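Residues per chain are reported as follows:
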Amino acid sequence: MLAQEISPTCDIYLRARLKRATLPVHYWKLGDEPPVPLEGAYVVVVRYVDRVSSSAIDRARSQLAGVAYLLDDDLVAAINDRSLPLHYSFFMLQFWMRYQSWLRRTVSELWVASGILEQRYRKAGPVFRIGPEPARFPLPRERPPSATDKVRIFYHGQKTHLPERRWLRDVVAVVHETMEQCSFEIVGGAETQRWYRHLERVRVRPLALWPDYLQRSTQERFDIGLAPLVPTPFNAARSWVKYLDIARFGAVGIFADCVPYDEVVRDGNNGLLCSRDDPDAWIRVLTDLIRDTSRRNRLIAQVDWPSSSPVPPVLSSMLEAQA
């Protein structure tokens, strides 16, 4: 498997699964030469290639069992989506211009993380859905109770979630005017600091490296996680990873009532769905959930693992049969 040294995508979609593989699995770090000879190998490319890895695959291409390309974001949409940070769009543009031809002639099948991506690339060749399956963690009902009296609320989007940080500003402001028993944490940089600096009980944390964030998420507890989804070209192809992010912190989520969250969230059971076009509805739902401790605990007790997560046939054949 070829991936960056630190790869949330690898951890969320592949690493736990590959521990069950019936064949030897080798992890190949982007920028390095292959750790083993590639003859007869099935190579899974996670998001990116570079000059070193693409050259190595080219040299062995006639002897490879196949090459899959795992795509969990819409890289093409990122190029022209003005809601994203300019440096991110520019990076995607450089990558796509350099490697799109290589990907088209080399990849034998696509593994994509959303229905939108599946539809978009279905004419490019074999395309299969892959859903998240990370290493198991304690579900909210299995976590110790929060150590604080305040209801802890959070939103932890990464650099591509700038529209959601902006959208939540007014929701958080109204809720904090009336609900003194809550606190709010959000991740972001200088722009997010400016938007939230006048709000009491709001903490803006800097972006963390994935290993540090993952460790923190299993050691600290929140009560409510928020997952809005502003309709942008890039957001249209998101998967439901935030359901897992919120559960990992021991919280129950309020999610945008749309794809992808409606694929895994049963409203009023393992989370709440709320119109992404109605900030007032988010204010009402969040306020009610802060006030109603018994309902919040009931929802937290029902946060579960999604009943199924699609796996490409080739990957499925590599895995041991489940008991």
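For the structure, see preceding data.
Residues numbered from 1 in each chain as written. Predicted model: local features only at pLDDT ≥ 70, side-chain atom pairs only at ≥ 80, totals over all residues. Heavy atoms only, no water.

**Examining the sheet that holds strand S10 (residues 224–227)**
With parallel pairing, 6 strands are arranged side by side in an open sheet as S9-S8-S7-S10-S11-S12. Only two strands of the sheet have a single partner each, and these edge strands are strand S9 (202–205) and strand S12 (272–274). The sheet shows a mean angle of 20 degrees between the axes of neighbouring strands, taken without regard to direction. Taken together, the 4 bridges between S10 and strand S11 (residues 252–256) define a ladder with parallel strand orientation. (Pairing = 2+ DSSP bridges. Helix = DSSP H or I, 4+ residues; strand = E, 2+ residues; numbered from the N terminus. Axes fitted to C-alpha atoms, helices over the stretch in contact; angles between N-to-C directions.)

**Some points on the environment of Tyr 261**
Note on placement: Tyr 261 falls in the loop between S11 and S12. With 24 residues separating them in the primary sequence, Tyr 261 and Val 285 have C-alpha atoms 17 Å apart. The residues contacting Tyr 261, other than those within four sequence positions of it, are Ala 227, Leu 229, Ser 239, Trp 240, Lys 242, Phe 255, Ala 256 and Leu 273. (Contact = heavy atoms within 4.5 Å.)

**Some words on the packing of helix H6 (residues 162–178) against helix H10 (residues 279–291)**
Packing of H6 against H10 brings their axes to within 9 Å, and their N-to-C directions diverge by 45 degrees. With respect to H10, the element H6 is oriented oblique. The hand of the H6/H10 crossing is right-handed. Of the residues in H10, those in contact with Trp 167, Val 171, Val 174 and Val 175 of H6 are Pro 279, Trp 282, Ile 283, Leu 286, Thr 287 and Ile 290. (Parallel < 35°, antiparallel > 145°, perpendicular 65-115°, else oblique. Left-handed = near helix turned anticlockwise from the far one by under 90°.)

**Re the pattern of salt bridges**
By the definition in use, this model includes 19 salt bridges. One salt bridge connects Asp 74 with Arg 120, and the closest N-O pair in it is separated by 1.8 Å. Separated by 46 residues along the polypeptide, Asp 74 in the loop between strand S4 (66–71) and helix H3 (75–80) and Arg 120 in helix H5 (residues 115–120) bring together distant segments of the chain. A salt bridge links Asp 245 to Arg 248; its shortest N-O distance comes to 3.1 Å. Of this pair, Asp 245 and Arg 248 both sit in helix H9 (residues 241–248), separated by 3 residues, roughly a single helical turn. (Salt bridge = Lys/Arg side-chain N within 4 Å of Asp/Glu carboxyl O.)

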